[in-house]
Amino acid sequence: MSKNYFIKIFSLGLIFSLYSEASTSQMQSEINDINDRLLNLELRSLARRLDLGGRFHVRYTNLKNEEYENDTNPDKVQNFRMKLDLNLNANLNSNLNFYSTLSMAKSFNESIREGTPLSQAAWRDYIGTVSYEQGPALWVNRAYIDYKIPSTDLSFFIGRLPTIEGPPQHFYEQRERLGTYPLLSYNMILDGLGFDYNTSKYLPKDHELRIRYLYTPTGFVNRASKNKQARTLNPDGSSRKLDSYDNFSTVMIDYKLKKLSWMEEFTFIYHYFYVANQKVNLLGFFDGYSSLRNDFQASSRVQSFYFEFKRLFNLPFDLAIAHAMNREKAKGDLYYEVATNVFSPAGIANGRTSGHGTLISLAYHLPFEFMLNPSFGLEYFRSSKDYLMRDFASDDLTGFKAQMGRYYHVYWFQPTPQGPNLRLGYIQHQRHYNFAASGAVSAGSQQRIREYYVGLSLDF
Amino acid sequence: MLKKMLFSFIVIFSYSVFADSYISVFQKEVNDVCAKASSILIKKSVLDILKSPTDKSCKGPFISNLVDQCDAIDCQGLLRLFSQVKGITSGNIVGR
């Protein structure tokens, strides 16, 4: 082989190794750059543990209220209102989550108001923002820790719990379930703690069964002196200590079955709660309990059954049927000063009462993709005398599901391309009975309320 | 090609770092009805949904691809599934 041949081979080898080194070096530089960017992304992702989202909705309502049959001067009410929910959730590890919702709900530009706002009531904790009377301030409607105990099927939760807007309220705007408690059982915010036991591993695939216990006691706080029990007055004027908490417990069975051949999903919820010996009138028509003479006690038991059929018979409609039964017991009275040192009982109805309510809700999802699959909904609700439902978070202006009577609701939900969603609706309510100030149910009512509404909502 | 692969890895990894988020639940649910859908395609479909949250017609390149690949689920079904999964992880029901 000639010397030139070796020089050429050597030169080529040198050039090739220099080129390879340059390419390797360049590739290494690019890899380092990508590693650096990956690390930055990972850091930003970990540092930003909060998942932020929410909902904003605005509604216009036009309502006509005929207090009695052939009312020649009915009340006509118009109302613009808005609600903002900011959800701040943190998934801290595979077992620990924190959920919170800051909310604002108000009517537009409220200038003159008749009556005392619910925000000042003794039980304002149960209301949060949901009465639309809290002005532009942000309130905490939800704040709780959810902890799945490792190596078990048990979860523990504590805080301000998601006990409002339960099923079937999610039907109205094609959403997923919005709250833990079925709507007819209870629709107020509760603070408390509890356990959820998931028994699904003992069941066949696609069955999910959860058993829950919640303890959400009613609190009596001595704001003047936090190291003392709250007090009230006996009928003779002597002081009586109140226990710090009254028992308020709930048991739930929450069952779901997915992927049936004839239905997308079936849900059944049994819900039972017991409020023991409540020392405040459940209707909350008074405040300043500590200075009011009384020997009043009340207790309540409510149980409800909820059935939901999603895409029944593989058709594009969802059906929900709910039935709630309440039993109330009251004894004792409140005593008002009618003259100097002369007290007279208010005449609160004593004894036992029971009532029930039934709600049927149907949402039909029109299979028109060009219209973005809007929904048409129908609701019917009927309740008996002495039906009692705790409701401060109702979707409509009047809170029809908490009344004793009959109610019809039709609505149209229209998604829009790239915009907020639209809902139009009409509600007609016939009230058969009213609660009197004493808590008793007055005989007969012919009140009729008609409500038209238009709403825009945005989820983000 | 290497850059594309590495960038895909970045995207996948950053979502994985979000622990057991709704994305991994969604991936499992989609694979239950559409076994052949790849993990990358499902996660890129999530990107399409997140980029256009008000789009109800699955116009994104990856989500439309996923819909085409899966006979068992259509666009509305996929969006409903996504909504259901987000609902599970929303905290609306205690103990979930």
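Since we're looking at a predicted model, the values are computed, not measured.

Quick notes on the rules
Residues numbered from 1 in each chain as written. Chains lettered and ligands numbered in written order. Predicted model: local features only at pLDDT ≥ 70, side-chain atom pairs only at ≥ 80, totals over all residues. Helix = DSSP H or I, 4+ residues; strand = E, 2+ residues; numbered from the N terminus. Buried ≥ 20, exposed ≤ 12 C-beta atoms within 10 Å, placed from the backbone. Contact = placed C-beta atoms within 7 Å. Axes fitted to C-alpha atoms, helices over the stretch in contact; angles between N-to-C directions. Parallel < 35°, antiparallel > 145°, perpendicular 65-115°, else oblique. Left-handed = near helix turned anticlockwise from the far one by under 90°. Nonpolar A, V, L, I, M, F, W, Y, C, P; charged D, E, K, R; others polar. pLDDT = per-residue confidence, 0-100. Core = buried A, V, L, I, M, F, W, Y, C linked by C-beta atoms within 7 Å. Expected span 1.5 Å × (residues − 1). Arc of directions from axis to C-beta. Pairing = 2+ DSSP bridges.

Details of the overall build of chain A
- Regarding its fold elements, chain A presents one helix and 24 strands.
- Within the span of chain A, comprising 460 residues, buried residues form 29% of the whole.
- Long-range pairs, those at least 24 residues apart, make up 61% of the contacts in chain A between residues at least 6 apart in sequence.

A few points about the overall build of chain B
- Looking only at helices and strands, chain B features five helices and zero strands.
- For chain B, with 96 residues in total, the buried portion stands at 30%.
- The contacts in chain B between residues at least 6 apart in sequence include a share of 48% that link residues at least 24 apart.

Quick look at the packing of helix α2 (residues 22-33) of chain B against helix α5 (residues 75-88) of chain B
Residues and elements named next belong to chain B.
- At their nearest, the axes of α2 and α5 sit 9 Å apart, and the two run at 135 degrees to each other. Classified by the angle their axes make, α2 and α5 are oblique. Crossing of α2 over α5 shows right-handed handedness. Listed contacts from α5 to Tyr-22, Val-25, Phe-26, Glu-29 and Val-30 of α2 are Leu-81, Phe-82, Val-85, Lys-86 and Ile-88.
- Split into classes, the residues belonging to the contact of α2 with α5 amount to eight nonpolar, no polar and two charged.

Topic: the confidence of the model for chain A
Residue and element names in this part refer to chain A.
- Across chain A, the average pLDDT comes to 86, with 87% of residues at 70 or higher.
- Averaged pLDDT values over the elements of chain A bottom out at 68 in strand β23 (residues 441-442) and peak at 97 in strand β5 (residues 154-161).
- Across residues 281-287, where pLDDT falls below 50, the model places 16 contacts with residues more than four positions away in sequence or in other chains.

A closer look at the nonpolar core
- Of all hydrophobic cores here, the largest spans 40 residues; its most connected members are Leu-184, Met-188, Ala-322, Ala-324 and Met-389 of chain A.
- Residue assignment for this core shows that the elements contributing at least two residues are β5, β13 (265-278), β15 (297-310), β16 (317-331), β19 (351-365), β21 (404-414) and β22 (421-435) of chain A.
- The element contributing the most residues to this core is β21 of chain A, with four residues.
- With residues near it in sequence (within four places) discarded, Met-389 of chain A still touches Leu-184, Ala-324, Gly-357, Lys-401 and Ala-402 of chain A.
- Among the nonpolar cores identified, the runner-up in size contains 15 residues, and Phe-26, Ile-42, Cys-58 and Ile-63 of chain B belong to it.

A word on the interface of chain B and chain A
- The interface is formed by 21 residues belonging to chain B together with 33 residues belonging to chain A.
- Those elements that place two or more of their residues in the side of chain B that touches chain A are α1 (2-16) and α5 of chain B.
- Partitioning the side of chain B that touches chain A into residue classes produces nine nonpolar, 10 polar and two charged.

Re the packing of α2 of chain B against helix α3 (residues 39-51) of chain B
Residue and element names in this part refer to chain B.
- Direction vectors running N to C along α2 and α3 enclose 125 degrees, while the axes themselves pass 10 Å from each other. By the angle class used here, α2 and α3 are oblique. Crossing of α2 over α3 shows right-handed handedness. On α3, the residues that touch Ile-23, Phe-26, Gln-27 and Val-30 of α2 are Ser-39, Ile-42, Lys-43 and Val-46.

Re unusual backbone geometry
Residues and elements named next belong to chain A.
- In this chain, Pro-167 is followed by Pro-168 through a cis amide linkage whose omega measures 10 degrees.
- Its place among the elements puts Pro-168 in the loop between β5 and β6 (190-198).
- Positioned with a positive phi, Asp-206 is a non-glycine residue whose angle comes to about 75 degrees.
- As for its placement among the helices and strands, Asp-206 is situated in the loop between β6 and β7 (207-215).

Overview of the confidence of the model for chain B
- Summary statistics for chain B give a mean pLDDT of 78 and a share of 79% for residues scoring 70 or more.
- Scored below 50 in pLDDT, residues 2-19 of chain B shows 23 contacts in the model against residues more than four places distant or in partner chains.

Observations regarding α3 of chain B
Residues and elements named next belong to chain B.
- Its 13 residues place the ends of α3 18 Å apart at the C-alpha level, agreeing with the 18 Å of an ideal helix rising 1.5 Å per residue.
- Turning to α3, its buried residues number three or more, namely Ile-42, Ser-45 and Val-46. Looking straight down α3, one finds that the buried residues subtend no more than 105 degrees of arc, so they occupy a single side.
- Looking at the buried residues of α3, the elements they touch are α2 and α4 (61-69).

Considerations on the pairing of β19 of chain A
Residue and element names in this part refer to chain A.
- Two strands pair when backbone bridges link them, and β16 and β19 are joined in this way by 14 bridges, in the antiparallel orientation. Bridging from a neighbouring strand, Leu-319 pairs with Leu-362 of β19.
- Taken together, the nine bridges between β19 and strand β20 (residues 375-383) define a ladder with antiparallel strand orientation. The residue of β20 that forms the bridge with Leu-362 is Leu-378.

Quick word on α2 of chain B
Residues and elements named next belong to chain B.
- End to end, α2 covers 17 Å across 12 residues, agreeing with the expected 16 Å (1.5 Å per residue, within 8%).
- Of the positions making up α2, those classed as buried are Tyr-22, Ile-23, Phe-26, Gln-27, Glu-29 and Val-30. When α2 is viewed along its axis, its buried side chains cluster within an angular range of 165 degrees and face the same direction.

Describing the environment of Gly-159 of chain A
- Position of Gly-159 of chain A among the secondary structure elements: in strand β5.
- Sequence-distant contacts of Gly-159 of chain A, that is, excluding residues within four places in its chain, are made with Ala-143, Tyr-144, Ile-145 and Asp-191 of chain A.

Quick look at the environment of Arg-431 of chain A
- Here Arg-431 of chain A lies in strand β22.
- Excluding anything up to four places from it in sequence, Arg-431 of chain A contacts Gln-403, Met-404, Gly-405, Ser-445 and Gln-447 of chain A.

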